[in-house]
Amino acid sequence: MSAIIEVQDLSRSLPGTPPVTLVSDVSLSIQPATFVAIVGPSGCGKSSLLYLLGLLDRPTSGQVLFNGQDMNPLRGDARAGIRLASFGFVFQFHFLLPEFTALENVMLPMRRLGKLSLTEIQAKAQALLEGMGLGEKSTKTPDRLSGGERQRVAIARAIANDPALVLGDEPTGNLDSQNSARVVEMFRNLAHDQGRAVVCVTHDPDVAAAADVQISMLDGRIKETSVRPR
Amino acid sequence: MTGQLRLLASVAARHLVGRRRQTIVAVSGVAVGVGFFLAVSAMMIGSQNDFIKTLIDAAPHIIISDELRSPPAQPGVSLYKGAAINLRHYKVRNEVRGLKGWPEILRTVNALPGAIGSPSLSGAITLRSGGREEALTIVGVDPAIEEKVSTIQDQLRIGRLRDLESTQGGIIIGEEMARRLGLGVGDVVGATSASGKSRSLRIVGLFKRGQTQISSGLGYVLLREAQSLLGRPFIINRIGVRLADPYEAEPISRRLEARYAYKAESWQERSADFLSLLVTRNVIMYSVVSAILLVASFGIYTVVSNSVSDKRRDIAIMRSMGFSERDLQLIFVFEGLALALIGIVAGWLLGYGLMAILGSLKFPIAGEDQHLPLDRTARQYAIAAAASLLSGVIAAWLPARKAARVDPVDILRGAV
Ligand SMILES: Nc1ncnc2c1ncn2[C@@H]1O[C@H](COP(=O)(O)OP(=O)(O)O)[C@@H](O)[C@H]1O
Ligand SMILES: [Mg+2]
């Protein structure tokens, strides 16, 4: 199986005196159908690494390869295009657009991609929400949804364009244990049933325990990688 | 592609709906700007057109007179052209006043498509009646031609220009002059010219009061009457020309003057002072209107700028979703565009209403209740729209660039 994302000697530091190192010399590869958890103490650079993997940030040195292609030379538009078609983000805070209903939020990436007709997009968004157990809530705006419901809408939106890679930054950080468990189950399904690569930054031991691969970080470096046999 | 633009526009629309009060203020700014521009420019251009029409119609479009702009070269100088000679004490040749070779000039004028030339002779005479004397400039014309060339016919209170043809020794003078002489239509008045000739003339018509220089100092007679009274048979000293297109007057007059050397004055030249005044008026009008539109675009700038700062989180999430910098910039430009467009339509309605009100008002002008002359052409609507659209897009584009420059990572780091 070839890696979806591969990084080599990846470093990111913020300019200043002295420069702040966020990520240093990280090398890893992410395989399809795999649920990867990145763990480590607060401030060790987990989020920073995730932004680099998700092409939201550019490394100070080192490479990010997506499907074997070096992403460094690509301009912002091209990187946005890859995020649109191939990546899906889920953040700790739901980050839904407040003026749009749940359904419209899920439709946004599909409309931007423009591969389907509007009716197809609407039907697919509705199906995704139903898959999340939110069929009845699709016409509600985010302020009328509970925290757990919002996060499920955000997951539906993240996978709307069938991304090869789903990136989560503490997606359960704001949820109670019941909702957390649900999200973890969804992430496992995304990897194991739908064949996507899932990378999830987390504090939560339950999330980490559910992952196929655990990457532990400390001070911007990878301390340890453990693979759990399936 | 269009679907994606529609998507960006719909995001822009939701943003605006979310800040309704600011949106209404900004739209009103544009609407007031556009509305007042339409009302003011309708009045300014309307009165200007009215004024220019009066200028054009008041007298023939071109007047060829027996004046020379520069004194002609004396025969001695033209004989030794370019020679280093200095002639002094030569006898200056006096021209016999009058347009020499005028039938030829008239033929040239009449050969221009749609143009008519009316020859006339004017000169000073004295009118006498019951011991009263008044100086008068008589103009001898061919009424059938002159009434096609000038609006003199419209200046008559009583009678018609053609009445000169049907009455032996007829004259038309101004009401003012008639009052001073104590005479009316049908009365006979004595006329004496500088050459000593005397005649009895019968008043057949009166010019309206108000047109002072006509009413108090001019009298119209038949051309041959003037020629005989002034003792200048077969001579004319002026050709008035009416053109199919008055705006051709300038080049045609230049050509006529170059060809015949006689001064050919276009209505533009005659009214140069007034016309330059109109330019000043227009500069003032467009500066005021630009200022209004500028203020209107401040409203748009404020709305879009606030929208960008309020939506930084949304900008970050949209960027993470795969919207490009350009997409984000377009969303906020669309916000400005929408504000401008709604404002323009509202401004059109406002302007239309203001013009309807202005058009219904009557003002006493020169003793008569008149409607304001208004210019209500589509052109002004288009100018107002184009100017607002341009200023609106620029006003939105400046803050929209900030939206494109928002670094999603900065926002996400702060939020997570
Ligand atoms: N803009 C910044 N300026 C200075 N330090 C920063 C900035 N952003 C992040 N950091 C620091 O970089 C380190 C890595 O942050 P982050 O990747 O968010 O860690 P994590 O997600 O593991 O908590 C932290 O120590 C954080 O304090
Ligand atoms: Mg973090």
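Just so we're clear, the structure is a prediction, and the values are computed from it rather than from any experiment.

Here we come to the overall build of chain B. Regarding its fold elements, chain B presents 16 helices and 12 strands. Taken along its principal axes, the extent of the C-alpha atoms in chain B is 110 × 65 × 35 Å. Across the 416 residues in chain B, those meeting the buried criterion constitute 46%. Surface accessibility of chain B: about 21,000 Å² in total, with carbon and sulfur atoms responsible for 59%. One finds the centroid of the 49 positive side-chain charges in chain B at a distance of 3 Å from the centroid of its 35 negative side-chain charges.

Let us now look at helix 15 (residues 378-405) of chain B. Under the 1.5 Å per step criterion, the end-to-end length of helix 15 of chain B is 40 Å for 28 residues, consistent within 8% with the ideal 40 Å. Taken as a whole, helix 15 of chain B carries its principal kink of about 30° at L398 of chain B; the proline P399 of chain B stands between one and four residues after it.

In the region of ligand 1, the neighbouring residues are L14, V20, L22, S42, G43, C44, G45, K46, S47 and S48 of chain A together with R413 of chain B. Proximal residues around ligand 1 fall on chains A and B, making this an inter-chain site. Separating an oxygen atom of ligand 1 from a side-chain N or O atom of S47 of chain A is a distance of 2.7 Å. A total of 570 Å² of accessible area belongs to ligand 1 in isolation, and the protein chains cover 60% of it.

Residue and element names in this part refer to chain A. Per the counting criterion, the structure on display carries zero disulfides over all chains. In this model C44 remains outside any disulfide bridge; the closest cysteine sulfur is found in C200, 14 Å from its own. C44 gets classed as buried once you look at its relative accessible area, which sits at 3%. On the accessibility criterion, C200 (1% relative accessible area) is buried.

Another point: the interface of chain B and chain A. In this complex, chain B contributes 25 residues to the contact, which on the side of chain A involves 28 residues. Summed over both sides, the interface between chain B and chain A buries roughly 2,700 Å², with carbon and sulfur atoms accounting for 61% of that surface. In this assembly, chain B and chain A are joined by four salt bridges. One salt bridge connects E99 of chain A with K311 of chain B, and the closest N-O pair in it is separated by 2.2 Å. Inspection of the chain B/chain A interface yields seven residue pairs in polar contact (both at pLDDT 80 or more).

On to the sheet that holds strand 5 (residues 69-70) of chain A. All names here are of chain A. In space, the four strands of this open sheet follow the order 2-1-4-5, with antiparallel pairing throughout. A strand with exactly one partner marks an edge of an open sheet, and here the two such strands are strand 2 (20-30) and strand 5. Across seven bridges, strand 1 (residues 5-14) lies against strand 2 in antiparallel orientation. Directly across from S13, in strand 2, lies its bridge partner T21. Along the sheet face, helix 1 (residues 46-53) touches strand 1, strand 2 and strand 4 (61-66) and points at about 55° away from the line of strand 2.

All names here are of chain B. UniProt marks residues 24-45, 283-309, 330-358 and 378-398 with the feature "transmembrane region" (unreviewed entry), using the numbering shown here. Helix makes up 100% of residues 330-358 and strand makes up 0%, while its end C-alpha atoms are separated by 40 Å. As annotated, residues 378-398 comprises 100% helix and 0% strand, and the C-alpha atoms at either end are separated by 31 Å.

Caution is warranted with low-pLDDT regions, since their predicted coordinates should not be read in detail. Residue and element names in this part refer to chain B. Overall, the predicted model of chain B reaches an average pLDDT of 87, with 91% of residues at or above 70. Model confidence for chain B, summarised as mean pLDDT per element, is weakest for helix 3 (residues 75-79) at 62 and strongest for helix 14 (residues 325-360) at 94. The complex model carries a pTM of 0.77, and its ipTM stands at 0.93.

Turning next to the sheet that holds strand 9 (residues 213-218) of chain A. Within a beta sheet, neighbouring strands are joined by backbone hydrogen bonds and run either parallel or antiparallel to one another. Residues and elements named next belong to chain A. In space, the six strands of this open sheet follow the order 6-7-8-3-9-10, with mixed pairing throughout. On the outer flanks of this sheet lie strand 6 (87-91) and strand 10 (221-227), each paired with one strand and no other. With direction set aside, neighbouring strand axes in the sheet form an average angle of 15°. Packing of helix 1 onto the sheet brings it into contact with strand 3 (35-39), strand 6, strand 7 (165-169), strand 8 (197-201) and strand 9, and relative to strand 7 it is tilted by some 155°.

This part covers the packing of helix 2 (residues 20-58) of chain B against helix 12 (residues 272-310) of chain B. Residue and element names in this part refer to chain B. Interaxial distance between helix 2 and helix 12 falls to 9 Å at its minimum, and their mutual angle equals 170°. For the element pair helix 2 / helix 12, the angle class is roughly antiparallel. Counted by class, the contact of helix 2 with helix 12 contains 19 nonpolar, 10 polar and one charged residues.

The final tally for this structure, using the stated rule, is nine aromatic pairs over all chains. Put simply, the rings of F89, F91 and F95 of chain A touch in pairs and so form one group of aromatic residues. The ring centre of W397 of chain B lies 4.9 Å from the NZ or CZ of R401 of chain B, which sits over that ring.

Next up on the list: the nonpolar core. Counting 90 residues, the largest nonpolar core has I5, L49, F87, L165 and V199 of chain A together with M318 and F332 of chain B as the members making the most contacts within it. One finds L181, V189, L201 and Y262 of chain B within the second-largest nonpolar core, a separate group that totals 44 residues.

To continue, consider unusual backbone geometry. All names here are of chain A. Residue P18 is reached from T17 by a cis peptide bond, and omega for that bond is -5°. Within the element layout of this structure, P18 appears in the loop between strand 1 and strand 2. Although it is not a glycine, E170 sits at a positive phi angle of roughly 50°. In this fold, E170 is placed in the loop between strand 7 and helix 6 (177-192).

You can see S86 of chain A is positioned in helix 2 (residues 76-86). Excluding anything up to four places from it in sequence, S86 of chain A contacts F66, P163, A164 and L165 of chain A.

Looking now at the side chain of T151 of chain B. All names here are of chain B. Among the structural elements, T151 can be located in the loop between helix 5 (143-149) and strand 4 (156-158). For T151, a relative accessible area of 16% puts it in the buried group. In this structure T151 touches D57 and A58, once residues within four positions along its chain are discounted.

What follows is about the pattern of salt bridges. Note that side chains of opposite charge can pair when their charged atoms are close. Counting across every chain of the model gives 22 salt bridges over all chains. Between K137 of chain A and E149 of chain A there is a salt bridge, with the nearest N and O atoms lying 2.9 Å from each other. Separated by 12 residues along the polypeptide, K137 of chain A in the loop between helix 4 (118-131) and helix 5 (147-158) and E149 of chain A in helix 5 bring together distant segments of the chain. Residue class for K137 of chain A comes out partly exposed when judged on its relative accessible area of 28%. Shared partners join several salt bridges into a network, and the residues in it are R12 and D57 of chain A together with R413 of chain B.

Attention now moves to the environment of G174 of chain B. Residues and elements named next belong to chain B. Along the chain, the position of G174 falls in strand 5 (residues 170-174). By relative accessible area, G174 is classed as buried at 0%. Expressed as a C-alpha distance, the spacing of G174 and F207, which sit 33 residues apart in the sequence, is 4.3 Å.

What counts, and at which threshold
Residues numbered from 1 in each chain as written. Chains lettered and ligands numbered in written order. Predicted model: local features only at pLDDT ≥ 70, side-chain atom pairs only at ≥ 80, totals over all residues. Heavy atoms only, no water. Helix = DSSP H or I, 4+ residues; strand = E, 2+ residues; numbered from the N terminus. Buried < 20%, exposed > 50% of the residue type's maximum accessible area, 1.4 Å probe, protein only. Areas by Shrake-Rupley, 256 points an atom, 1.4 Å probe, with all protein chains shown as cover. Lys, Arg positive; Asp, Glu negative; His and termini not counted. Charge placed at Lys NZ, Arg CZ, Asp CG, Glu CD. Expected span 1.5 Å × (residues − 1). Bend = angle between axes of the 7 residues up to and from the residue. Near = heavy atom within 4 Å. Polar contact = N/O pair within 3.5 Å; in protein donor to acceptor, adjacent residues only side chain to side chain. Disulfide = S-S within 2.5 Å. Contact = heavy atoms within 4.5 Å. Buried area = accessible area lost by both parts, 1.4 Å probe. Salt bridge = Lys/Arg side-chain N within 4 Å of Asp/Glu carboxyl O. Pairing = 2+ DSSP bridges. Axes fitted to C-alpha atoms, helices over the stretch in contact; angles between N-to-C directions. UniProt positions renumbered as here; feature names shortened; annotations may be inferred. pLDDT = per-residue confidence, 0-100. Parallel < 35°, antiparallel > 145°, perpendicular 65-115°, else oblique. Nonpolar A, V, L, I, M, F, W, Y, C, P; charged D, E, K, R; others polar. Phe/Tyr/Trp six-rings, centres within 6.5 Å; stacked < 30°, edge-to-face > 60°. Lys NZ or Arg CZ within 6 Å of the ring centre and 35° of its normal. Core = buried A, V, L, I, M, F, W, Y, C linked by side-chain atoms within 4.5 Å.

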